[in-house]
Amino acid sequence: MIGDSVGNAWPRVTFLIPTLNSAETIDECLKSIFESEYPPGKIEAWVLDGFSDDDTVTLAAKFPTRIAQIKGNPASAYNAVIGSIDTPIVALVDSDARVSRTWLKTLVSTLKSSRADAAGSQIRSWSRGSRWSRAIGAELEVRYGGLPRKLERIATTCMIIKTQTLNEVGGFDTTLSTGYDAALGYELNRLGKTIVFNPEAEVFHLHRASLQGYVRQQYRYGQDSVLLVRRWPKALAGDAVTPIWMTVQPLCLFSVGVATFLMVLFPQLSGLFAIAIALGTLTLGLTWLGLAVKVTLKSRGASTFLMTIAIQLVRAEAWTMGILRGAAGVAASSLSSHGNLSNDPK
Ligand SMILES: Nc1nc2c(ncn2[C@@H]2O[C@H](COP(=O)(O)OP(=O)(O)OP(=O)(O)O)[C@@H](O)[C@H]2O)c(=O)[nH]1
Ligand SMILES: [Mg+2]
C-alpha cells in the first residue's frame with residue numbers, strides 16, 4: 001500500500017512519457033507536469049523517445065527529465081525503464097497530452113482512499129486542436145463520462161499505477177503496438193488488481209486533426225486488435241471504455257457487406273438478404289444516431305451531430321477493413337510457420 005511506505009505524505013511519482021516526433025506538444029506536456037500542484041521535488045519524469053527526427057529531445061532536455069532513446073513501440077519503451085523506477089507510483093501520460101494542475105494530486109488521493117492498484121482520469125480535448133480533433137474528443141468524452149467507478153482498463157495517457165503492481169504484472173505486452181493499455185488492464189484484472197476511475201481529474205489530449213488521420217489510426221487499431229483478441233479473447237465482448245455495442249459494429253458491417261454480395265449472386269433469395277441488410281443497417285444507424293444525439297446535447301453544437309455520425313461511420317469501416325487485414329496477416333504467418341514445420345526434414 002502507498003500509505004504504508006510514506007505515511008500521510010504525498011508519495012514520489014515518476015512520469016513516463018513515450019515520445020515520437022512530439023515537438024509540437026512535448027513542451028506543453030512537460031510544462032503541465034512540472035506545474036502540477038504537488039510538493040516540489042516529488043515529481044520525476046522519464047522521456048522515452050523512439051528516436052524522433054524532430055526537436056523532441058532538445059525541447060524535452062529543457063526540463064528536469066531523464067531522457068532515454070529506445071528502439072521499438074511505446075510498450076517496449078516503458079518496459080525498458082520500469083525495473084529501475086524507485087518511486088512508489090508511476091504516472092503514464094502521452095506526449096500529445098497535458099495534465100490539469102490538480103490531476104496528479106486528485107489521482108494519488110483516489111489511489112490512497114480507494115486502496116486500488118491503479119487510477120484513471122477523464123480525457124478532454126486539448127482546446128488548441130482542429131474542429132475534427134475536438135469532435136473526435138467530444139465523442140470520447142461522452143463515452144468516458146459514462147464510465148463506472150471500477151474499470152477493467154483505462155488508456156495509458158491518463159493513468160497512475162503502483163510501481164510494485166506494474167512490476168508484478170511484468171510491464172507491458174511489447175508485441176502490441178496499440179492496445180497495450182487494454183492488455184495491461186486485462187492482466188491486472190486477471191491478477192485481481194483494481195483500477196478506479198475519477199472523472200474529477202482531467203487530461204487534455206490532442207486528438208487527430210483530420211478525418212483522414214483518424215481513419216488511418218482506426219484502421220491500425222482494427223489491424224492490431226486481432227493480436228489483442230488472440231491473446232485476450234475477452235476483448236471481443238468489450239469493456240467500459242470500448243463497450244460491446246462498439247465491438248460488434250465491424251461484424252454488423254461485415255454481415256451487411258456479405259449479404260449485399262450474396263444478394264447479387266443469388267437474386268432468387270434477395271428478399272432474405274434484403275431483410276438481413278435492413279436489420280444490420282438499422283442497428284448501426286440507430287447506434288450511431290444515439291451516440292451522436294448524446295454528444296450534440298453535451299457539446300451544444302449542431303455541426304457536432306453530423307461530425308459524430310461521420311466519425312462513427314468511418315471508424316466502423318476502418319475497424320472492419322483493419323480487422324480483415326490483421327486476420328489475413330495472422331493467417332498468412334501461421335500458414336508459413338506451418339509450412340516451415342512440414343518442410344523440416346526432422
Ligand atoms: N518511444 C516511442 N513512443 C511512441 C512511438 N509511437 C508513438 N509513441 C508515443 O506513444 C504515445 C501514444 O501514441 P499516440 O500516437 O499519441 O497514440 P494515440 O493517443 O492512441 O493516438 P493519437 O494521439 O490520436 O495519434 C505518444 O506519447 C507518442 O508520442 C514509438 O514508436 N516509440
Ligand atoms: Mg495520443
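It should be emphasised that the depicted structure is a prediction, and the values quoted were computed from it without experimental measurement.

Scoring rules and cut-offs
Residues numbered from 1 in each chain as written. Chains lettered and ligands numbered in written order. Predicted model: local features only at pLDDT ≥ 70, side-chain atom pairs only at ≥ 80, totals over all residues. Helix = DSSP H or I, 4+ residues; strand = E, 2+ residues; numbered from the N terminus. Rg over C-alpha atoms; globule rule 2.2 N^0.38 Å. Buried ≥ 20, exposed ≤ 12 C-beta atoms within 10 Å, placed from the backbone. Contact = placed C-beta atoms within 7 Å. Pairing = 2+ DSSP bridges. Axes fitted to C-alpha atoms, helices over the stretch in contact; angles between N-to-C directions. Parallel < 35°, antiparallel > 145°, perpendicular 65-115°, else oblique. Near = placed C-beta within 6 Å. Nonpolar A, V, L, I, M, F, W, Y, C, P; charged D, E, K, R; others polar. Expected span 1.5 Å × (residues − 1). Domains from an automatic or database assignment. Left-handed = near helix turned anticlockwise from the far one by under 90°. Core = buried A, V, L, I, M, F, W, Y, C linked by C-beta atoms within 7 Å.

A word on the overall build of the protein
Helices and strands together make up the secondary structure of the protein, namely 13 helices and nine strands. Its C-alpha radius of gyration of 22 Å places the protein within 12% of the 20 Å reference for a compact globule of 346 residues. A principal-axis box enclosing the C-alpha atoms of the protein has dimensions of 75 × 70 × 40 Å. Across the 346 residues that make up the protein, the buried fraction comes to 40%. In the protein, of all internal contacts separated by at least 6 residues, the share reaching a separation of at least 24 is 79%.

A few points about the pairing of strand β2 (residues 43-49)
Among the seven residues in β2, six count as buried, and that is most of the element. As defined by bridge partners, β2 adjoins strand β3 (residues 66-69) across four bridges and the pair is classed as parallel. Residue Asp49 lies in a different strand from β3, and its bridge partner there is Gln69.

Considering the packing of helix α6 (residues 131-145) against helix α12 (residues 270-299)
At a minimum axis distance of 9 Å, the contact between α6 and α12 shows a crossing angle of 100 degrees. Relative to α12, the element α6 is oriented roughly perpendicular. Packed against α6, whose contacting residues are Ala138, Glu139 and Val142, the element α12 presents Leu291, Lys294, Val295, Lys298 and Ser299 at the interface.

Side note on the site of ligand 1
The local shell around ligand 1 holds 18 residues, among which Pro18, Leu20, Gly50, Asp94 and Ser95 are the closest. For the shell around ligand 1, the secondary structure elements donating two or more residues are β1 (13-19), β2 and α4 (74-82). Residue classes in the shell around ligand 1 are distributed as six nonpolar, eight polar and four charged.

Description of the pairing of strand β6 (residues 118-125)
Here β6 lies mainly inside the structure; seven of its eight residues are buried. Summarising the sheet, β6 and strand β9 (residues 195-205) pair through eight bridges and their orientation is parallel. Bridge pairing in β9 places Arg124 opposite Phe204.

A word on α6
Each α-helix winds once per 3.6 residues, and so residues spaced three or four apart point in a common direction. Taking 1.5 Å of rise per residue, the 15 residues of α6 would be expected to cover 21 Å, and the 20 Å separating its terminal C-alpha atoms lies within 8% of that figure. Within α6, burial applies to Ser133, Arg134, Ala135, Ile136, Gly137, Ala138, Glu139, Leu140, Glu141 and Tyr144.

Observations regarding unusual backbone geometry
At Asn21, a position not held by glycine, the phi torsion is positive, near 50 degrees. Take Asn21: it is sitting in the loop between β1 and α2 (26-34). According to the C-beta neighbour criterion, Asn21 is partly exposed, with 15 such atoms within 10 Å.

Looking at α12
The end-to-end C-alpha distance of α12 is 42 Å, a good match for the 44 Å that 30 residues give at a rise of 1.5 Å each. Regarding α12, the residues found buried are Phe273, Gly280, Ala292, Val295, Thr296 and Ser299.

Side note on the domain arrangement of the protein
Many descriptions give the size of an interface as the accessible area lost when the pieces come together. In terms of domains, the protein is made up of domain 1 (13-209) and domain 2 (211-333). The gap between the C-alpha centroids of domain 1 and domain 2 is 28 Å. Across the contact, 24 residues belong to domain 1 and 26 residues belong to domain 2. Elements with a minimum of two residues in the side of domain 1 that touches domain 2: α6 and α8 (180-190). Among the elements that take part in the side of domain 1 that touches domain 2, α6 stands out by supplying seven residues, more than any other. In terms of residue class, the side of domain 1 that touches domain 2 is built from 14 nonpolar, four polar and six charged.

Remarks on the packing of helix α11 (residues 249-265) against α12
One can describe the packing of α11 onto α12 by two numbers: an axis separation of 9 Å at closest approach and a directional angle of 155 degrees. Overall, the two elements α11 and α12 adopt an arrangement that is roughly antiparallel. α11 and α12 meet at a crossing whose hand is left-handed. Between α11 and α12, the contacting residues are Gln249, Cys252, Leu253, Ser255, Val256, Ala259, Thr260, Leu262 and Met263 on the first element and Ser270, Phe273, Ala274, Ala276, Ile277, Gly280, Thr281, Thr283 and Leu284 on the second. Of the residues in the contact of α11 with α12, the class split is eleven nonpolar, seven polar and no charged.

Observations concerning the nonpolar core
Grouped together as the largest cluster of nonpolar side chains are 72 residues, with contacts concentrated most on Phe15, Ile17, Ala91, Val93, Ala119 and Ile160. Shared between two domains, this core holds at least three residues of each, these being domain 1 (13-209) and domain 2 (211-333). Dropping the residues within four chain positions of it, Phe15 is found in contact with Ile33, Ile43, Ala45, Ala91 and Val93. Ranked by size, the runner-up nonpolar core spans six residues in total, among them Tyr219, Tyr221, Ala316 and Trp319.

Quick word on the environment of Ala237
Of note, Ala237 is situated in the loop between α9 (211-231) and α10 (244-247). By the C-beta count within 10 Å, which is 10 here, Ala237 ends up exposed. Taking the C-alpha atoms as reference points, Ala237 and Thr320, 83 residues apart in sequence, are found 16 Å from one another.

Quick word on the environment of Arg128
One can find Arg128 in the loop between β6 and α6. Accessibility expressed as a C-beta count within 10 Å gives 13 for Arg128, which makes it partly exposed.

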